[in-house]
Amino acid sequence: MHILVVGGAGYIGSHVCKAIASEGFIPVTFDNLSTGHRWAVRFGPFIEGDLESEPDLLRAFEQYKPKAVIHLASLINVRDSIVNPGLYYEKNLFATLVLLKAMVKAGILNLVFSSTAAIYGVPQTIPIGENHPKLPLNAYGKTKWAIEGMMEDFAHAHGLCFAALRYFNACGADSTGLIGEAHEPETHLIPLIIQTACGLRPLLQIYGDDYPTPDGTAIRDYVHVLDLADAHIKALRVLFDKKRSLQVNLGTGSGYSVKQIIDAVSLFSHKKIPTQVLPRLGYDSSVLVADPALAKKVLQWEPRHSDLMNIISSAWQWQQNHPGSRLQQLQKHAEIFSGKAESVQPKGF
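Residues numbered from 1 in each chain as written. Predicted model: local features only at pLDDT ≥ 70, side-chain atom pairs only at ≥ 80, totals over all residues. Heavy atoms only, no water.

> Even after reading the chapter, I still don't get the packing of helix α8 (residues 258-269) against helix α10 (residues 308-321), so can you show me in this structure?
When two helices pack together, their arrangement is given by the angle between the helix axes and by the axis-to-axis distance. At a minimum axis distance of 10 Å, the contact between α8 and α10 shows a crossing angle of 60°. Crossing hand, α8 versus α10: right-handed. Between α8, through I261, A264, V265, F268 and S269, and α10, the contact on the second element is made entirely by L308, I312, S313 and W316. Here the residues of the contact of α8 with α10 sort into 7 nonpolar, 2 polar and no charged. (Axes fitted to C-alpha atoms, helices over the stretch in contact; angles between N-to-C directions. Helix = DSSP H or I, 4+ residues; strand = E, 2+ residues; numbered from the N terminus. Left-handed = near helix turned anticlockwise from the far one by under 90°. Contact = heavy atoms within 4.5 Å. Nonpolar A, V, L, I, M, F, W, Y, C, P; charged D, E, K, R; others polar.)

Here is the structure:
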C-alpha cells in the first residue's frame, strides 16, 4: 500500500515516512525541495513536484495509486507570515485547495493534515482543548484554520475523510541519527540553544522575560517528533478502519519555559549558554499547553518519547552527527586550517 507524503523531505515529514515504512506501507515523498532535503528521502520513492500543480499531483496519483495522502507541506515561520501574509495564503491555503481538488478528481479520499496550535491564538484556558475558541493571531495560524474548514466542506461535499493533527512544539530527532531538524534559517528554540552551546552562535536571544510565568519566560508544550510520526500512523488507521474524520491536539499536557530548556541543555552539555533578553514579540502567548485527552482516546496515542532528557539528547546527537549541520561544517573548516577539530561531547544529565 502506498501513502503519498506531501512534504516528506522535511523535518517532520521524513520522520513520518520512516514510521510509515516501519508499518509495512510504502511512503512516496512528494516535495519540491524548496525547504526539504533530498538526503532526508530514505524510506521510499521520491517525486519532485509542486503542490500548486494539479498535473504534478495527478501524475503521482496515477503512478502510485496511494490509499491516502499525508499533507505536511507548508510555510511555518510565524514572524515571516506577519510581514508577508500573501505568500502564506498562496503556499498554504491555495496550494491545499489544489491538492483537495486533485484528490477528489483521482478518487483518493483519505487525508492526514498537519495543523497547528497556532489556530487557537491567545489561550483562554490552560490546558487547551480542541473546543477552545479559534482566534489565530497571524497568517500562519489563519491559513491552517482555514484549511481545516476547507477539509470539512470537502468532507460534506465529496466524502473526504480527514484527520487534522494540531501540533504543539515539535522537537527531537530520530535515535538512529539518519534524519533530524535542519531548517534554514533555524527558528526553533532547542536547536538554537544547542548551536549556541556548541559555539555556532554567539548567544541565544530570548524574546521577553516578563511574562506572567514562574520565571518570566514563555512556556510551551514540547512533543518529540517520533511521537508526532506515530500519531500519523494511528490517524491513518482510524481513517481506514472507522472512516471518520477527526481534529485532535498533539501535545503532552505539560510545558517547559524557555529558561528551563536553556538550563536543561546547559546541564546536559556542561556548557554555559550566553543569552540576550529582547522585548516580547507581539504575537507570542505566555503559555501554550495541550490537553491531549482526545488524541489519547480516539487515536490510542501516548507521547512515549517526549521526556525532556530524550528530546535534548536526540537533538544534540543529530546536531553533532548530521553531515550538513552547521557544527559539522565548522569542524570540517577547522580541520582544513588546523589539521584537527575537537568535537563538543555532551556529558549527559
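> It is not clear to me how unusual backbone geometry should be interpreted in this structure. Could you clarify?
Excluding glycine, residues mostly carry a negative phi; peptide bonds, for their part, are mostly trans. Going from I126 to P127, the amide bond is cis rather than trans, its omega being 0°. Within the secondary structure, P127 sits in the loop between β5 (110-116) and α5 (139-158). Even without a glycine there, the phi angle at K65 is positive, about 45°. We classify K65 as exposed; its relative accessible area is 57%. With a phi close to 55°, H270 is a non-glycine residue in the positive phi region. Positionally, H270 belongs in the loop between α8 and β13 (275-278). (Buried < 20%, exposed > 50% of the residue type's maximum accessible area, 1.4 Å probe, protein only.)

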